[in-house]
Amino acid sequence: MALEFIGIAATQETSESGSRTPVTGRDGVSTQTETEQAAGPVVQPGYLRELARAHEESGFDRVLVAHSSASPDGFTVADQILTHTERLGVLLAHRPGFVSPTLAARKYATLDAFHPGRIALHVITGGDDADQARDGDFSDKPTRYRRTDDFLDVVRKEWDSAEPFDHEGEFYRVKGGFAAVRPAAPIPVYFGGASADAVRVGGKHADVYACWGEPLAGIAERIREVRAAAAPYGREPRFSVSLRPIPAATEEQAWDRAREILRLTEERVGGSAGAFPLDHSAQRGSQRLLEYAAQGDVHDKRLWTAIARTTGAAGNSTALVGSYEQVAESLLDYVSLGVSTLLIRGFSPLADARDYGTLIDLVRAGAERTGAAHLKVPA
């Protein structure tokens, strides 16, 4: 496949704006009415199935199942998505340190056995000390990255070893490790993080290195750093960029929607101290986004940083605003740098998942026109 598109799955409708804003399709027709954020239980099986199927129908390759100390169990959520779709893959986030690496490897391999080639591991080491502590982990960030390195060494041995293996690491010791269930083909390892430790460990282990939506110059810098870190291990990782497209039939309509999303987000941040409870101040990725936001609201052609500034860069929070054609053009600018995976999610998750099919088609067609042979990634 020429390009990989990843969306995001959740068990209930959530958004920084707290409300779902109208999505106006390329034909100018509204695809959704204004409604309040869905209430009800955190786990809503019907919503998850509908969201997963919307991503599949729009042409996404995978959906991300994210992780925090308060999240529903990701392995169960991933299995539900895979069971209720035909083709869609899952990028399942996992935080090393809470499940032994041998068991984690078998859990991923078991999902792969039931749904061959449709599961991938997204390693998130954890940048928020308070969130780590909620699950009983009080180690500091450098320690966590060393633990992640050791964890992934064991995971790959568990996946790859046809004979029992031993492992003596700083954090994990295994004697006679062996898995009866192993993936028939390698399970891709995605890796997130922006610190020097993240680049070092990710360079060693990542098949795909994930970056938040920085300006083009920042992504080019990150690609150079990761490639240099990967070279001693003979690795050539691919790269992912995470963005929040806000497309509409016209540029003016897109900016109208963007301003409404910002207004709703500002109201939610101002009216609820618990709206964004995670502390991202120690995360280098968040710091970088806030540094760009301090320089201006718009970078490159249409990278919009106002939501990142408003939320303290709480995760993937930079947007591309414009007509469908303009946003596709900006996504292709990242592709031209060597990015082969685009993680795109909206502020109205279900409606945007349906709407992004147009955007995906435009980007894939644009990539084909440019003859970008280097974009090919393994199936």
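Residues numbered from 1 in each chain as written. Predicted model: local features only at pLDDT ≥ 70, side-chain atom pairs only at ≥ 80, totals over all residues. Heavy atoms only, no water.

Caption draft 1: Here's a closer look at the pattern of salt bridges. Tallied over the full model, the rule gives 28 salt bridges. For D153, the salt bridge identified is with K204, shortest N-O distance 3.4 Å. Taken together, the positions of D153 in helix α5 (residues 141-160) and K204 in helix α6 (residues 196-205) put the pair 51 residues apart, joining distant regions of the chain. The partner of E291 in a salt bridge is R284, and the shortest N-O contact between them spans 3.0 Å. Salt bridges here are not isolated pairs; linked through shared partners, they connect K301, R302, E329 and D333. (Salt bridge = Lys/Arg side-chain N within 4 Å of Asp/Glu carboxyl O. Helix = DSSP H or I, 4+ residues; strand = E, 2+ residues; numbered from the N terminus.)

Caption draft 2: Main features of the packing of helix α1 (residues 45-58) against helix α2 (residues 74-83). Put simply, α1 and α2 touch, their axes get as near as 9 Å, and they point 55° apart. The angle between α1 and α2 places the two elements in the oblique class. Crossing angle aside, the handedness with which α1 passes α2 is right-handed. On α2, the residues touching L48, R49 and A52 of α1 are V77, Q80 and I81. (Axes fitted to C-alpha atoms, helices over the stretch in contact; angles between N-to-C directions. Parallel < 35°, antiparallel > 145°, perpendicular 65-115°, else oblique. Left-handed = near helix turned anticlockwise from the far one by under 90°. Contact = heavy atoms within 4.5 Å.)

Caption draft 3: Expanded view of the packing of α5 against α6. Running from amino to carboxyl end, α5 crosses α6 at an angle of 5°, the nearest separation of the two axes being 10 Å. With respect to their mutual orientation, α5 and α6 come out roughly parallel. Of the residues in α6, those touching α5 at P142, Y145, R146, T148, D149, L152, D153 and R156 are D197, A198, R200, V201, K204 and H205. Of the residues belonging to the contact of α5 with α6, the class tally is 5 nonpolar, 2 polar and 7 charged. (Nonpolar A, V, L, I, M, F, W, Y, C, P; charged D, E, K, R; others polar.)

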